Amino acid sequence: MKAVFCALGTFVAFGLAALLLMVWGKAPDSNPFMMLVFIGVFGVEPVGAFWMMYQAIRYEKSPFPLIGLAMFIPFSFVWYYIESYRPDRERRTPERFGSDIAE
């Protein structure tokens, strides 16, 4: 759960920085940092949403709730990635490094 808050907090911070720079800063095309923030905040989200919909259609038994999340909640693919892939990695870690690691 801590990773979810860190990931979402990072995106919220970038979004607030983009908003502040839009309101009080120069135009994005004259400021390279601003353009990078725009690409990061507004360019990554649609790609992640399409990835989440693809994964849901291909691998989930009932994909429609996840498609709805991907379409209407920004950056929900971060939650889907952490909930779908992170538990598998954490379960395999004790066998990979030996039996002396507590589960």
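Given the structure is predicted, the values throughout are model-derived calculations rather than measurements.

Enquirer: Residues and numbers for the environment of tyrosine 81, please.
Expert: Position of tyrosine 81 relative to the elements: it lies in helix α4 (residues 76–97). By relative accessible area, tyrosine 81 is classed as partly exposed at 29%.

Enquirer: Describe the nonpolar core, naming the residues involved and giving the relevant values.
Expert: Of all hydrophobic cores here, the largest spans 17 residues; its most connected members are Met52, Leu66, Ala70, Phe75, Phe77 and Val78. At eight residues, helix α2 (residues 32–59) tops the list of elements feeding residues into this core.

Enquirer: Which residues make up the packing of aromatic side chains, and what are the values?
Expert: How two aromatic rings sit relative to each other is given by the distance of their centres and the angle of their planes. Inspection of the entire model under this criterion finds two aromatic pairs. When the centroid spacing of 6.1 Å and the interplanar angle of 45° are considered together, the rings of phenylalanine 75 and phenylalanine 77 count as tilted. Residue classification places phenylalanine 75 among the buried residues on the basis of a relative accessible area of 12%. By relative accessible area, which is 13% here, phenylalanine 77 ends up buried.

Enquirer: How would you explain helix α3 (residues 64–72) if you had to name every residue and give the values?
Expert: Those residues of α3 not exposed but buried are Leu66, Ile67 and Ala70. Down the axis of α3, the sector holding all buried residues measures 100°, keeping them to one side. Of the residues in α3, the exposed ones pointing more than 90 degrees away from the buried face are Phe64, Pro65 and Phe72.

Enquirer: How would you explain a nonpolar patch on the surface if you had to name every residue and give the values?
Expert: A cluster of nonpolar residues, Val12, Leu16, Leu19, Leu20, Val23 and Trp24, forms a patch on the protein surface that exposes about 650 Å² of accessible area. Structurally, leucine 19 can be placed in helix α1 (residues 2–24).

Enquirer: Got a sec to walk through the confidence of the model for the protein chain? Specific residues and values, please.
Expert: Of the residues in the protein chain, 72% have a pLDDT of 70 or more, and the chain-wide mean is 75. Averaged pLDDT values for the elements of the protein chain fall to 66 in α4 and rise to 90 in α3. Low pLDDT, under 50, characterises residues 92–99; the stretch is placed with four contacts to residues that sit more than four places away or in other chains.

Enquirer: Tell me about unusual backbone geometry, and name the residues and values.
Expert: With phi around 60°, phenylalanine 75 is a residue other than glycine that occupies positive phi space. Position of phenylalanine 75 relative to the elements: it lies in the loop between α3 and α4.

The rules behind these values
- As a convention, each chain's residues are numbered from 1 in the sequence order in which they are written.
- Only residues with pLDDT of at least 70 are given local features in this predicted model, and only at 80 or more are side-chain atom pairs given and counted; all residues enter the totals for whole chains, interfaces and linings.
- To get the side-chain values, take all heavy atoms of the structure and skip hydrogens and water.
- Here a helix means four or more residues in a row that DSSP labels H or I, a strand means two or more in a row labelled E, and each is numbered from the N terminus.
- Note on classification: 1.4 Å probe, protein chains only; a residue is buried when its accessible area is under 20% of the maximum for its type, exposed when over 50%, partly exposed between these limits.
- In plain words, nonpolar cores are sets of buried Ala, Val, Leu, Ile, Met, Phe, Trp, Tyr and Cys residues tied together by side-chain atoms within 4.5 Å.
- Between 30 and 60 degrees the pair is tilted, below 30 it is stacked and above 60 it is edge-to-face, where a pair is any two Phe, Tyr or Trp rings, Trp via its six-membered ring, whose centres lie within 6.5 Å.
- The arc refers to the directions leading from the helix axis to the C-beta atoms.
- Excluding any residue in a salt bridge, patches collect residues exceeding 30% relative accessible area, merging like charges within 9 Å and nonpolar Val, Leu, Ile, Met, Phe, Trp and Tyr side chains within 5 Å.
- Computed with the Shrake-Rupley method and a 1.4 Å probe, the accessible areas treat only the protein chains shown as cover for residues.
- What counts as a salt bridge is simple: a side-chain nitrogen of Lys or Arg found within 4 Å of a carboxyl oxygen of Asp or Glu.
- Here pLDDT means the predictor's own confidence in every residue, given as a number from 0 to 100.
- For this analysis, residues touch if any pair of their heavy atoms sits within 4.5 Å.

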